Amino acid sequence: MNSSLHVSDGLKQPIVYSRKDHIISRKQISNAALRVLYGLNDNGYRACLVGGGVRDLLLGRAPKDFDIATDARPEKIREIFKNSRLIGRRFRLAHVRFGRELIEVATFRSSHEISSPDAGISQQGQILRDNVYGTLEEDVWRRDFTINALYYDIRDFSVIDYVGGVGDLRQGVIKLIGKPVVRYREDPVRMLRAIRFAAKLGFNITRSTMSPIPSLIHLLNEISPARLFDETMKLFNAGHALAVYERLFEVGLFTLLYPSTGRIQNSELDYHNKFVRKALLNTDHRILHDKSVNPAFLISVFLWYPMKTIYSAEIHRGKNRKDALRIASEKILREQARVLAIPRRFTQTVRDIWELQARFSNRSPKRAARLLEVPKFRAAYDFLALRAGDDRASLKLVDWWTRFQSADSEERKRLLQEVKHTEMRRKK
Ligand code: ATP
Ligand code: MG
């Protein structure tokens, strides 16, 4: 183990919090996770709850999911649980499934010896493979933040803390284990994770963990667009998107993820900012109230003003509106794909939302009725409603569509008449 790199920052002897010294009770752990923990233990293996599960329970929060670490090798885990399968190349893990619940089980790993030729570390210091198995004592040091490196041991229900994670939970701080620059080089995604946890928990990032970020942002360019996309999903769809956005923006990470937002014209910047904030707040609100969110919606919001810049240029060059929109959408999404591998079903929704914006102003009886039937009508309408006011989309128009959607057929006829009269009056 490269002890010179990681151990120096932590305590070598763990603090062990026995059952009576912490608040985690088995009642708060899902049956599925308990079955995995006991299943491993009964077969003679060490089994601990780790990561977000322990962290969130110690904070009195409900964990999103339960991660388990053990000294059983993946093949053994596969043998013990018939309902499991092995996944991952970079990290070889077992997924154990109980109905809809998926428990991730990882074998303890040790850190890499940088000098060893087979270390699986790139020239920039990035970890490419991470499959050197180890003990719990070694596993601690390859975890990212102190608050994520606590182990709840099913043998005696104790919480094992090698890194001062319990203290940092109490203080509300996000702190990398080891030397921040080294840890960010090993895996630049940790920069995004720091911000995600800070926003989620309302914690502060310690100065030593925060200060190297601005100068290391470029390292994220080495991360595959597929992984970055997954990470942005976690950033913006967990109920604290606005806080995440503000923190990302502050350090320059948002512009790395959405480069075209860095080129919005000054005259539009205020509109863009207000629009984005409203959308983020809305998303958080929906998640808080257990309403569904389509990830494509926020993407369509982030890229709207950048797209419009290109659109205006195309109109200026003499293209008609439809072509200009098609060209601009194409360009902006192609550019975005170099950073984030947004699945096609989402980019299609983004295009649909944008394209439908122009169709709201045509309210002839036939077209209005047809628009209601379009699959992405609701998302496009929500987008229009967000634009209203700030983006000069008319509040009256939104209001009309709000009524039209929920009206019965009599009321619809009346609303369509109303449009006809207004238009006739305007023509006079
Ligand atoms: P969440 O609430 O989002 O699930 P989590 O802390 O459980 O948060 P996971 O991505 O589920 O995060 O990872 C589980 C644990 O694995 C983490 O708590 C951390 O100990 C370790 N881990 C995950 N990703 C990394 C990484 N990139 N570098 C180091 N350790 C990591
Ligand atoms: Mg987790």
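### Regarding the packing of aromatic side chains
Working step 1: Under the counting rule described, the total for this entry stands at 24 aromatic pairs.
Working step 2: Aromatic side chains Phe229 and Phe346 sit 6.1 Å apart centroid to centroid with 40° between the ring planes, which places their arrangement in the tilted category. Taken together, the positions of Phe229 in helix 11 (residues 225–236) and Phe346 in helix 18 (residues 344–357) put the pair 117 residues apart, joining distant regions of the chain.
Working step 3: Owing to a relative accessible area of 7%, Phe229 belongs among the buried residues under this scheme.

### A word on the coordination of the magnesium ion (ligand 2)
Angles at a metal have ideal values that depend on geometry: 109.5 degrees with four tetrahedral donors, 90 or 180 degrees with six octahedral donors.
Working step 1: Asp65 (OD) and Asp67 (OD) make up the full set of protein donors to the magnesium ion (ligand 2), lying at 2.4 to 2.5 Å.
Working step 2: Residue class for Asp65 comes out partly exposed when judged on its relative accessible area of 31%.
Working step 3: Overall, the relative accessible area of 22% leaves Asp67 in the partly exposed class.

### Observations concerning the site of ligand 1
Working step 1: Around ligand 1 there are 17 residues in total, and Arg55, Lys64, Asp187, Arg190 and Arg196 lie nearest to it.
Working step 2: Take Arg55: an N or O atom from its side chain is 2.9 Å from an oxygen atom of ligand 1.
Working step 3: In this structure, Asp187 approaches ligand 1 through a side-chain N or O atom, which is 2.7 Å from a nitrogen atom.
Working step 4: Against a free-state accessible area of 590 Å², the protein chains account for coverage of 87% of ligand 1.
Working step 5: If you tally residues by element for the shell around ligand 1, the top one is helix 8 (residues 189–201), at five residues.
Working step 6: Its residues assigned to classes, the shell around ligand 1 shows one nonpolar, three polar and 13 charged.

### With respect to the side chain of Gln357
Working step 1: Structurally, Gln357 is set in helix 18.
Working step 2: Residue Gln357 is classed as buried on the basis of its relative accessible area of 7%.
Working step 3: Excluding residues within four positions of it along the chain, Gln357 makes contact with Trp304, Ala380, Phe383, Leu384 and Arg387.

### A closer look at the pattern of salt bridges
Working step 1: Evaluated as defined, the whole model comprises 28 salt bridges.
Working step 2: The salt bridge involving Arg263 is made with Glu335; its shortest N-O contact spans 3.1 Å. One end of the pair, Arg263, is in the loop between helix 13 (253–257) and helix 14 (266–288); the other, Glu335, is in helix 17 (residues 321–337), and 72 residues separate them in sequence.
Working step 3: What you see here is one network of salt bridges that share partners, running through Asp399, Arg403, Glu411, Arg414 and Glu418.

### A few points about a positive patch on the surface
Working step 1: Together, Arg359, Lys366, Arg367 and Arg370 line one region of the surface with positive charge.
Working step 2: Note on placement: Lys366 falls in helix 19 (residues 365–373).

### Some details on helix 15 (residues 295–302)
Working step 1: Most of helix 15 is tucked away: eight of the eight residues are buried.
Working step 2: Inspection of helix 15 places Pro295, Ala296, Phe297, Leu298, Ile299, Ser300, Val301 and Phe302 among the buried residues, and these make up the whole buried set.
Working step 3: Structurally, the start of helix 15 carries an N-cap: the backbone nitrogen of Ala296 is 2.9 Å from a side-chain oxygen of Asn294.

### Thoughts on the environment of Ala33
Working step 1: Checked against the element boundaries, Ala33 lands in helix 2 (residues 31–42).
Working step 2: Sequence-distant contacts of Ala33, that is, excluding residues within four places in its chain, are made with Phe66, Ile68 and Ile103.

### Section: the confidence of the model for the protein
Working step 1: Looking at the protein as a whole, its pLDDT mean stands at 91, while 93% of the residues score no less than 70.
Working step 2: When the criterion is pLDDT under 50, residues 1–11 qualifies, and its contacts beyond four places in sequence or with other chains add up to 28 contacts.

### Focus: the sheet that holds strand 8 (residues 158–161)
Working step 1: The strand order across the open sheet formed by eight strands is 1-8-7-2-3-6-5-4, and the pairing between neighbours is mixed. The open sheet terminates on both sides in strands that have one partner only, identified here as strand 1 (15–17) and strand 4 (84–87). Each neighbouring strand pair of the sheet contributes to a mean axis angle of 30°, computed without reference to strand direction.
Working step 2: Packing of helix 2 onto the sheet brings it into contact with strand 2 (47–50), strand 3 (67–70), strand 5 (93–98) and strand 6 (101–107), and relative to strand 6 it is tilted by some 35°.

### A few points about the nonpolar core
Nonpolar side chains in soluble globular proteins tend to end up buried together.
Working step 1: Ranked by size, the top nonpolar core spans 99 residues in total, and within it Phe236, Leu248, Leu253 and Trp354 carry the most contacts.
Working step 2: Take this core: its biggest share by element is nine residues, from helix 8.
Working step 3: Residues within four places of Leu253 in sequence aside, it is in contact with Met191, Leu192, Ile195, Ile213, Ile217, Leu220 and Leu248.
Working step 4: By size, the runner-up hydrophobic cluster in this structure holds 19 residues, among which are Leu356, Ala380, Tyr381 and Leu384.

### A few points about the packing of helix 20 (residues 377–387) against helix 21 (residues 395–406)
Working step 1: Here helix 20 crosses helix 21 at 150°, and the two axes come no closer than 9 Å. For helix 20 against helix 21, the interelement crossing comes out left-handed. Contacts between helix 20 and helix 21 involve Phe377, Arg378, Tyr381, Leu384 and Ala385 from the first element and Leu397, Val398, Trp401, Thr402 and Gln405 from the second.
Working step 2: In terms of residue class, the contact of helix 20 with helix 21 is built from seven nonpolar, two polar and one charged.

Reading the values: rules and limits
Residues numbered from 1 in each chain as written. Chains lettered and ligands numbered in written order. Predicted model: local features only at pLDDT ≥ 70, side-chain atom pairs only at ≥ 80, totals over all residues. Heavy atoms only, no water. Phe/Tyr/Trp six-rings, centres within 6.5 Å; stacked < 30°, edge-to-face > 60°. Helix = DSSP H or I, 4+ residues; strand = E, 2+ residues; numbered from the N terminus. Buried < 20%, exposed > 50% of the residue type's maximum accessible area, 1.4 Å probe, protein only. Donors = N, O, S within 2.8 Å, 3.2 Å for Na, K, Ca; no water. Near = heavy atom within 4 Å. Polar contact = N/O pair within 3.5 Å; in protein donor to acceptor, adjacent residues only side chain to side chain. Areas by Shrake-Rupley, 256 points an atom, 1.4 Å probe, with all protein chains shown as cover. Nonpolar A, V, L, I, M, F, W, Y, C, P; charged D, E, K, R; others polar. Contact = heavy atoms within 4.5 Å. Salt bridge = Lys/Arg side-chain N within 4 Å of Asp/Glu carboxyl O. Patch = residues over 30% accessible without salt bridge, like charges linked within 9 Å, V, L, I, M, F, W, Y side chains within 5 Å. Lys, Arg positive; Asp, Glu negative; His and termini not counted. Charge placed at Lys NZ, Arg CZ, Asp CG, Glu CD. pLDDT = per-residue confidence, 0-100. Pairing = 2+ DSSP bridges. Axes fitted to C-alpha atoms, helices over the stretch in contact; angles between N-to-C directions. Core = buried A, V, L, I, M, F, W, Y, C linked by side-chain atoms within 4.5 Å. Left-handed = near helix turned anticlockwise from the far one by under 90°.

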